Amino acid sequence: MATIASEQTIPAAEAPKRSFRLAPSAISYLQATPLIAILGFFFILPIAMIAVVSFWDYDFAGIYPDFLTMNYTDTLGSWVTWKTYLNTLKFTVIVWALTLFIGFWVAYFLAFHIRKTSTQMILFLVCTVPFMTSNIIRMISWIPVLGRNGLVNSALVEMGIVPQPVEWLLYSDFAVVLAMVHLYTLFMVTPIFNTLMRIDRSLFEAARDAGASGWQVLWNVVIPLAKPGMAIGTIFVVTLVMADFSTVQVMSGGQSASVALMMKNQMSLLQYPAAAANAVVLLVVVLMMVAAILRVVDIRKEL
C-alpha cells in the first residue's frame with residue numbers, strides 16, 4: 001500500500017512531458033513543399049503568365065495589358081491555323097509510329113538477345129553518342145547526305161537506279177520526318193528497354209511450356225508487359241514533335257509549317273499575345289493527347 005501511495009504522489013514537475021508531434025498528412029505536405037515551390041516558380045508561374053498575356057492587346061509598337069478574346073478568335077477562326085495543326089499532327093503520328101517500331105525492336109534486341117549486362121550497357125551508350133552534339137548539328141549533317149549532289153543521290157545516279165538526282169529527299173516533309181525520327185528515337189528506346197529489363201524471364205518459359213510459339217510469346221507476353229514503357233516513350237515523342245520548330249524550318253527549307261514554327265514567326269514579328277494564345281491552345285491539345293495515352297495505359301508501375 002505504501003508503494004502504491006508513493007507512486008500516486010509523484011510531483012507534477014517530474015511528470016513526463018508531452019512531445020509535439022505533427023500529423024502524418026502535415027509531414028507529407030512539409031516534405032513536398034520544396035518540390036511544390038520549385039514547380040510553382042519554374043512551371044506554373046510561367047504558364048500563368050503566358051495565359052495572362054494571351055488576353056492582352058498588341059500592335060506594331062508594343063503590347064498593352066487588357067482582357068480581349070481577339071487572339072483566340074483569330075487563332076481558332078483561321079483556316080491557316082487548323083491546316084497548320086493538321087500538318088503538325090501528321091508529323092506527330094508518322095514520327096511516333098516510326099520511332100515506336102524502331103525503338104521497340106532496338107530495345108528488344110538489347111534486352112533479350114544480348115546476354116551480358118556489360119555489353120548491353122555498352123551498346124546502349126553507343127546509341128546515346130549522337131546525343132552528345134546539338135540538335136542543329138545533327139540536322140545539318142543530313143544536308144550533305146540528302147542534298148541534290150549528296151551521298152544518296154550520287155549513289156543512286158551512279159548505280160543507274162535514277163537518271164537524275166531525286167529532289168524530294170531534302171527540303172521536304174520526308175526530310176523533316178527522317179530528321180525527327182533520328183532525333184527522337186532514343187526517347188522511345190530508353191523507357192521500353194527499362195520496361196523489358198523488368199520482365200521476369202520465367203514467364204517466357206511458362207509460355208513455351210504451354211505450347212506458345214515465338215510470335216505468340218511476343219504478342220501475348222512481351223508487348224502487353226511493355227505497354228507502360230511504350231506509353232512513356234509516346235509521351236516523350238509526342239510532346240517533343242508538337243513543340244519542334246527548328247527541325248521543320250531547317251529540313252523543309254521553309255516549305256512546311258508547324259504550330260511551334262508559327263509561334264516562332266509571331267514572336268519574331270513582336271506579336272507576343274497572339275503567340276501566347278497559340279501556346280495555350282497547343283498546351284491544351286498536348287495535355288489532351290497525354291490524358292488519352294494515360295487512360296489507355298497505366299504507367300504508375302514504371303514511376
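Residues numbered from 1 in each chain as written. Predicted model: local features only at pLDDT ≥ 70, side-chain atom pairs only at ≥ 80, totals over all residues. Heavy atoms only, no water.

Caption draft 1: Main features of helix 2 (residues 24-53). For helix 2, which comprises 30 residues, the first-to-last C-alpha distance of 40 Å matches the rise-based estimate of 44 Å (1.5 Å per residue) to within 8%. Where helix 2 bends most, at Gly 40, the angle is about 45 degrees. (Helix = DSSP H or I, 4+ residues; strand = E, 2+ residues; numbered from the N terminus. Expected span 1.5 Å × (residues − 1). Bend = angle between axes of the 7 residues up to and from the residue.)

Caption draft 2: Focus on the pattern of salt bridges. Across all of its chains, the model carries 2 salt bridges by this definition. The shortest N-O distance in the salt bridge between Glu 167 and Arg 148 comes to 1.9 Å. Taken together, the residues Glu 167 in the loop between helix 8 (151-158) and helix 9 (173-197) and Arg 148 in the loop between helix 7 (143-146) and helix 8 connect sequence positions 19 residues apart. Overall, the relative accessible area of 51% leaves Glu 167 in the exposed class. (Salt bridge = Lys/Arg side-chain N within 4 Å of Asp/Glu carboxyl O. Buried < 20%, exposed > 50% of the residue type's maximum accessible area, 1.4 Å probe, protein only.)

Caption draft 3: Geometry of the side chain of Gln 266. In this structure, Gln 266 sits in helix 13 (residues 259-268). With a relative accessible area of 13%, Gln 266 lands in the buried category. From its side chain, Gln 266 meets the backbone nitrogen of Ala 275 in a polar contact 3.4 Å long. (Polar contact = N/O pair within 3.5 Å; in protein donor to acceptor, adjacent residues only side chain to side chain.)

Caption draft 4: Representation of the confidence of the model for the chain in the model. Taken as a whole, the chain shows an average pLDDT of 84; of its residues, 92% reach a score of 70 or greater. In the model of the chain, helix 1 (residues 2-8) stands out as the element of lowest mean pLDDT, 47, in contrast to helix 4 (residues 79-113), which has the highest, 92. Note that pLDDT drops below 50 for residues 1-7; the model gives that stretch 0 contacts with residues more than four away or on any other chain. (pLDDT = per-residue confidence, 0-100. Contact = heavy atoms within 4.5 Å.)

Caption draft 5: Layout of the side chain of Thr 247. For Thr 247, the position within the fold is in helix 12 (residues 246-252). A polar contact is formed between the side chain of Thr 247 and the side chain of Asp 244, at a distance of 2.7 Å.

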